[in-house]
Structures are given as structure tokens and as C-alpha cells.
Amino acid sequence: MCGIVGVTGVGDALPYLLQGLQKLEYRGYDSAGVYLTDASGKNALIKEKGRVAKLAEKAKANGFAGTAGIAHTRWATHGNVTVENAHPQKSSDDRFFLVHNGVIENYQELTETYLQRVHLVSETDTEVAVQLVDKFSKEGMATADAFRKMISLLDGNSAYGFLLVDHEDPETLYVAKKKSPLLVGVSDHGNAVTSDAAAMIDLTKDFIELRDGDMAIVKPSSVTIYDAAGEQVNREPFTLEIDPEDTDKGAYPYYMLKEIDEQAVVARNIAGHYYDEDGNLQGIPCAVTDAIEEADRLYIVAAGTSYHAGLVGKRYFEQWAKIPTEVHIASEFAYDQPMLSEKPFFIFLSQSGETADSREVLDNVKKQGFPALTLANVMNSTLTREADFALPVLAGPEIAVASTKAYTAQVLVQAILAAALGNPGFDLKAELAKVAVEIQAITDEKETFKKIAEDALVGQHSAFYIGRGLDAAVALEAALKLKEISYIQTEGFAAGELKHGTISLIEDKTPVFALLTQSKTAGLLRGEVAQVAARGANTIVFASENLAKEGDAFVLPQVNELLMPLLAVIPAQLIAYYATLARGLDVDRPRNLAKSVTVQ
Ligand code: M6R
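Predicted model, so just to flag it, every value in this text is computed and none were measured.

About the criteria used
- Residues numbered from 1 in each chain as written.
- Predicted model: local features only at pLDDT ≥ 70, side-chain atom pairs only at ≥ 80, totals over all residues.
- Heavy atoms only, no water.
- Helix = DSSP H or I, 4+ residues; strand = E, 2+ residues; numbered from the N terminus.
- Buried < 20%, exposed > 50% of the residue type's maximum accessible area, 1.4 Å probe, protein only.
- Areas by Shrake-Rupley, 256 points an atom, 1.4 Å probe, with all protein chains shown as cover.
- Lys, Arg positive; Asp, Glu negative; His and termini not counted.
- Charge placed at Lys NZ, Arg CZ, Asp CG, Glu CD.
- 1 Å grid on protein atoms, 1.4 Å probe; cavity = no way out; pocket = protein on both sides within 12 Å on 5 of 7 lines; lining within 4 Å.
- Points joined across faces, edges and corners; volume = space filled by probe spheres on them.
- Pairing = 2+ DSSP bridges.
- Contact = heavy atoms within 4.5 Å.
- Axes fitted to C-alpha atoms, helices over the stretch in contact; angles between N-to-C directions.
- Parallel < 35°, antiparallel > 145°, perpendicular 65-115°, else oblique.
- Nonpolar A, V, L, I, M, F, W, Y, C, P; charged D, E, K, R; others polar.
- UniProt positions renumbered as here; feature names shortened; annotations may be inferred.
- Near = heavy atom within 4 Å.
- Polar contact = N/O pair within 3.5 Å; in protein donor to acceptor, adjacent residues only side chain to side chain.
- Sits in = over half its atoms within 2 Å of the grid points.
- Domains from an automatic or database assignment.
- Left-handed = near helix turned anticlockwise from the far one by under 90°.
- Salt bridge = Lys/Arg side-chain N within 4 Å of Asp/Glu carboxyl O.

**What about the overall build of the chain?**
In terms of regular secondary structure, the chain is built from 18 helices and 25 strands. Seen through its principal axes, the chain has C-alpha atoms that stretch 80 × 55 × 45 Å. Looking at the chain residue by residue over its 600 residues, the buried ones come to 61%. Within the structure as shown, the chain displays about 22,600 Å² of accessible surface, and the carbon and sulfur contribution to it stands at 47%. Positive and negative charge centroids in the chain, built from 55 and 82 side chains respectively, lie 4 Å apart.

**Focus: empty space enclosed by the protein**
Enumeration over the complete set of coordinates arrives at two cavities of 30 Å³ or more. Reported here for the largest cavity is a volume of approximately 70 Å³. Along the walls of the largest cavity sit C2, H72, R74, W75, A76, T77, H78, H87, H100, G102, D125 and T126, which together make up its complete lining. Broken down by secondary-structure element, the contributors of at least two residues to the lining of the largest cavity are strand 4 (68–74), strand 6 (96–103) and helix 4 (125–138).

**A closer look at the sheet that holds strand 4**
Ordered by their spatial adjacency, eight strands build an open sheet running 3-2-4-1-10-9-11-15, and the pairing between neighbours is antiparallel. Pairing within the sheet leaves two strands with one partner each, and these edge strands are strand 3 (43–49) and strand 15 (238–239). Here strand 1 (residues 3–8) pairs with strand 4 via six bridges, running antiparallel. Across the sheet, the residue bridging to G6 is I70, located in strand 4. Contacts from helix 1 (residues 13–24) reach strand 1, strand 2 (31–37) and strand 4 within the one sheet, and its direction differs from that of strand 1 by about 160°. Sheet strands touched by helix 2 (residues 52–62): strand 2, strand 3 and strand 4. Its angle to strand 3, the strand with the most contacts, is close to 150°.

**What to know about the packing of helix 9 (residues 304–319) against helix 16 (residues 470–486)**
Where helix 9 meets helix 16, the axes come as close as 9 Å, and the angle between the chain directions of the two elements is 170°. With respect to each other, helix 9 and helix 16 are oriented roughly antiparallel. Packed against helix 9, whose contacting residues are G304, T305, H308, L311, V312 and R315, the element helix 16 presents L470, A473, L476, E477, L480 and K481 at the interface. Of the residues belonging to the contact of helix 9 with helix 16, the class tally is six nonpolar, three polar and three charged.

**As for the UniProt feature "domain: Glutamine amidotransferase type-2" (unreviewed entry) in the chain**
Mapped onto this structure's residue numbering, the UniProt feature "domain: Glutamine amidotransferase type-2" (unreviewed entry) falls at residues 2–221. As annotated, residues 2–221 comprises 25% helix and 30% strand, and the C-alpha atoms at either end are separated by 27 Å.

**Notes on the site of the ligand**
In the vicinity of the ligand there are 14 residues, among which S306, S350, S352, T355 and E484 approach most closely. Between the ligand and K481, the relevant distance is 3.1 Å, taken from an oxygen atom to a side-chain nitrogen or oxygen of the residue. Side-chain polar atom of E484 to an oxygen atom of the ligand: 2.6 Å apart, as the coordinates give it. For the ligand, whose accessible area on its own is 410 Å², the fraction buried by protein is 91%. Comparing atom positions with the cavity grids shows the ligand to sit within the second largest pocket. Only helix 9 and helix 16 provide two or more residues apiece to the shell around the ligand. In terms of domain composition, the shell around the ligand takes at least three residues from each of domain 2 (249–442) and domain 3 (445–585).

**Description of the packing of helix 3 (residues 107–114) against helix 4**
Axis angle and axis distance: for two packed helices, these are the angle between their axes and the distance between the axes, and together they describe the pair. It is the contact of helix 3 with helix 4, at a shortest axis distance of 10 Å, that shows an interaxial angle of 35°. Of the two elements, helix 3 crosses helix 4, and the hand of that crossing is left-handed. Together, Y107, L110, T111 and Y114 of helix 3 and D125, V128, L132, K135 and F136 of helix 4 make up the contact between the two elements. In the contact of helix 3 with helix 4, the residues fall into six nonpolar, one polar and two charged.

**A short note on the sheet that holds strand 8 (residues 173–178)**
Pairing within the open sheet is antiparallel, and its seven strands lie in the order 5-6-7-8-12-13-14. Sheet topology places strand 5 (89–90) and strand 14 (232–233) at the edges, where each strand pairs with a single neighbour. With two bridges joining them, strand 5 and strand 6 adopt antiparallel strand pairing. Bridging from a neighbouring strand, Q89 pairs with L98 of strand 6. Sitting on the sheet, helix 4 touches strand 5, strand 6 and strand 7 (159–166), and the angle it makes with strand 6 is about 135°. Across the sheet, helix 5 (residues 143–152) is in contact with strand 6, strand 7, strand 8, strand 12 (215–219) and strand 13 (222–226); its angle to strand 7 comes to roughly 160°.

**Details of the UniProt feature "domain: SIS" (unreviewed entry) in the chain**
Cross-referencing UniProt, the feature "domain: SIS" (unreviewed entry) maps to residues 288–427 and 453–590 in the present numbering. As annotated, residues 453–590 comprises 38% helix and 20% strand, and the C-alpha atoms at either end are separated by 18 Å.

**With respect to the side chain of S352**
Secondary-structure assignment places S352 in the loop between strand 18 (344–350) and helix 11 (356–367). A relative accessible area of 9% places S352 in the buried class. Within the structure, S352 has its side chain in polar contact with the backbone nitrogen of E354 (distance 3.1 Å). Apart from residues no more than four positions distant in its own chain, S352 is found in contact with V378, S381 and S596.

**Observations concerning the layout of surface pockets**
Counted as a void, the second largest pocket has a volume near 550 Å³. Along the wall of the second largest pocket there are 27 residues; nearest its centre are A303, G304, T305, K595 and V597. At the level of elements, helix 9, strand 18, helix 11, helix 13 (405–421) and helix 16 are the ones that each hand at least two residues to the lining of the second largest pocket. Residue contributions to the lining of the second largest pocket peak at five residues, all from helix 9. A breakdown of the residues in the lining of the second largest pocket according to their chemical character gives 11 nonpolar, 12 polar and four charged.

**Topic: unusual backbone geometry**
Comment: phi is negative for the bulk of residues other than glycine, and the bulk of peptide bonds are trans. Residue H87 is joined to P88 through a cis peptide bond whose omega torsion reads 0°. When you line up the elements, P88 lands in the loop between strand 4 and strand 5.

**Overview of the pattern of salt bridges**
Going through the model one piece at a time under the given rule, you end up with 31 salt bridges. Ionic pairing is found between D508 and K509, a salt bridge with its closest N-O pair at 3.9 Å. Taking the relative accessible area as the measure of exposure, D508 reaches 60% and is therefore exposed. On the basis of relative accessible area, K509 is assigned to the exposed category, the value being 51%. Within this structure, E25, R51, D586 and R589 form a network of salt bridges that share partners.

Rendered as C-alpha cells:
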């Protein structure tokens, strides 16, 4: 979704802002803008539709670099993709400049009540916010008070991360946030504000996480924070533990391919973190296992790929830890809470830790007094901070919109947590070492999957992934990968359901990928493959070593059957990648999508 960066007192502001925007590009956007200023009040506002590279060209040509500035990547919600609607938005007299992430629910009412005489040039809710600051300032309020008053008028459901500059005090950044992440980056050569710490690591690795309702005043050499009650508060910075190189593509053409390839290393890192050298589990505090053991049912709540990872994790919690487990889509659970057991325990799964749908559920759950654990890739994120417990998923920065290594990492960490709560009945640590080796072996077969993708999918408008049991769960993730980046409409299906309706969609050459790794249902799945083949489908079977037959498209190395999802998903990731390349599309930046979905 939209991204925010701002700097003050950094010497030459433009390079930091442009690099920051480039690092935010992966989140998805359709226009971008930058406002630059310096202590003398000289300034420039530059906005563009489309890529940050285009904005960068225009900004560099302008020649003014500034010592402070704010910048934004916009993913349109209110108003079309136009230069007028891009941020920063400004007040009519060019005094205030504002960037905003989130949605102001009552912006139309605010316009009617307060801004009838103001000519609005954009269709955005954000312009309403900046014009309100201007109006209250003209009525005699100091800028901080005008900013605070504007925020106080926003509907309770509104989400915002605001960054404001007042042309009359150009090196001061006014910041506020609610339900939308914002961090203040601190250094002894200037300060920064950003919606994603990785965007500012060229300036600093030290960040203060703002909380909902906070307002901050950031100057070149000071940061003052006020909480929701208006009290000045002291918040300690944390140090971000990422290497700037982790967020670079290196020699890879796309982040997605790099991240697919990183999965073997991620698997080893996770095992290294959660097991000591003697094979004993570590890194899961007793408080976590004790709290889960008190529960009579687990509720896993997540969205998209993370939800799919939860469907696999359910099996581990039920089979190894013997705890009944339900998996729920966050956006559904948030507004239709199912009947809960007497002692529920919630597990939130999230790559970003910022998904608004999951945050809404966590809010509700906390209000009801239930305990919650977040498993997230981005620690220090809202979901990790607001849950009672948090464990790291340790996939490393995931930049491509299509999630790959975060999925395998989430499955792995759930397996380890379930093992800590019960008994898998085999040496999980040893089996995970094997999984890492076999992930590597599959990712080394890129040419095979490139050919399968090109042969089966070029020219096709629809496809299916089918499986039974755990393979049905992986089929959902496989289908999401293919459709979200290649735009080939793909359904993931529990194979036994085909005959209840979907089989009528099978036409001559319809690609049907079958995942066949579960021995209990292998015979039935073979039957379903035969049924769609008899109706003209192009069937492509990925079977595990123990179950493979001649004619299968790829034989997956054999590991414990319950861990096969970790291998079965890899061909699907690579097929999605190569099908998208073959269609000439941007793998990392599918249309209309954002990396972390911070609005509901
Ligand atoms: O950051 P989260 O894991 O909470 O994000 C949830 C979904 O938006 C995400 O998994 C999405 O489905 C993937 N990017 C798709 O590849």
C-alpha cells in the first residue's frame, strides 16, 4: 500500500527520499511525489503518475535538493490515479504540505462542515486533511494545535499515518499515526520518518516505533513524542537488524526469484534459531507453551498466503500437539466472529505484521481478554507488539508482492511450535535439515519448471491446482501464486470436490496441476487426474518419490509426508514466476496489489 518517507537535517535530502521511495516500490503504488524545502524556505513540489524512476528524473532535473522533505508512493483509494491526486497534497495558499497513508472515513462530512468555501483541486481525502490544518491555522492556532485539531475530527474508524510540513517552519516534520505504521528514524546527522524502516536504512538503523494516537514533532536534532492523551512520552529506539544488502536484488532479475532461492537458507536459519546444537528446542519461552497448553482450542487468524500457511499448521497442532485448531480468514473473523470455545488461544500469522484485517481481529480479541501469539516475519510490527507473545518467522526481508519464503518459513515455525507442544513422533530437527537440502534440489531445477510453465500456460486463460488433504491446502497457495502475478485465473481445489461442480469447467488443454504427496488419498487423486484427463485436461502431476508413476511431470524428493507441503509449494512458485515472465509481466509488481495491506 502507500508508502511514506520524510527527512530533516540530513544535508542533501533528495537522495534519501528517492532511495526511500525506491525501497517502498515493492509495496505497490500507482503515483509518487516529493516535497523539498530548506531552512530559507525555498521549496519544490514534484509529482508523477507511474514509476518512481520517472519522478526521480523530474526531481533531479529540477535541481533543488533541499535539506528536508517528505515523499510518498500512492496506491489509489479515493480518487483516480492522477497527478492532482498524488501526494503530497497542499493547502490552497501553499503553506502546508501533507502525505498520508490510510483512509479518512468521514472526509465528505468534514468537507461539507468546514471547507465549503475552499476550492479542492484533488478528489482525495488527504487534501481535506491538509486544508483543515490550514483553516485552523488561519483561525490563529499554532501548527501543532491545528494538526491535532484536524486529527480529532476524524471518524473513529479512520486510519492514518500523516507527515506534515509547514512552509513557515520548513525543517520541522509533524507526524501522527493510527492503524497505519510509522516510525521515526534517529541519527546524529538528521532524523527521518518512514512507514517501513527498510526504506531509511541508508540513513539509520535506529527507529522509534510510534503507537496509535501518537503525535511527534521531528526536527533536525530532536524528536518530541506525545501520546494519545497529549502527554509527552519517552520511547526508546530499537536497532533494526537487517543488512542493507538483504533488501537488494543482487544479480537476480526479480526479488521473487531471489526469495524463492533463499528458502533453503531460511529453513536452515530457522532450525538454527529454534534448536541448539544438541537438538533441543530453544527460543520458545515457556510462557508461550504454558499459555497454549491452558487453551482448549487454537484459532489461527491470517490473510492470503499466511492463511494458507495456517491451513498446513493446523495439521501439526492437531496431530502432534493434540490441540483442536481452527484456521480463519481475518477479514471474515473480524465481522462475523464464530462461536468460540471456553478457553481459546489465538495465533496470528503474518509476514508484515501490519495487515489491517488481522489487526482488527487482534483488537477484538484483546478486548475480550483472550491470549494471543503473533508469528511474524517483521518483528517490532504492530501485530507482534500488540499480541501477548511474538515469535519470529525469520524469512528475512521479503520484497516481492508474491509471498514465497514467508510461506515456507511460517509453515516451518508452526511445525517447530507444535513440536514444542507435543511430539511429532520423529526427529523433526533431522527431517528439517533434509527439507532444506531438498528445497535446494528443487530450486536447482529451474529449467524444468520454466519449460512446464511455458508449455502448459502460455495462451491459457485458466488453470487448476488440485490435491487432497495437505495437498489441497498447498493447492490454494499454488493457485494464488499463479493467478496473482500471471493474471491466469487459477483455482486451487480439494480434488474430491471437482465432481460436485467444477469439473464442468474443464476444456480441451485446460492445465490441471495435481499435487500428490499424501499416501492415504493418492489412489483417489490418481482417479481424479484420470477423470479430468478424460475430459481433455492437460494434467501435470507433481508426485512425491514414494507415490510417483511414469509420466508424472516432476518427482518431489521424499521427506516426512506432513512436511511435504514445504517441497510441494516450490514448483508452484517457480511455475508462477516463469509463466508471468513468459507473459511479459512485471513479476514483482502485479497490478492493483500491495505487499502489505494496511487498510481493511
Ligand atoms: O503480511 P501478511 O502475511 O499479513 O499479508 C497477508 C496477505 O496480504 C499476503 O499473504 C498476500 O496474500 C501475499 N502477498 C500473496 O502472495
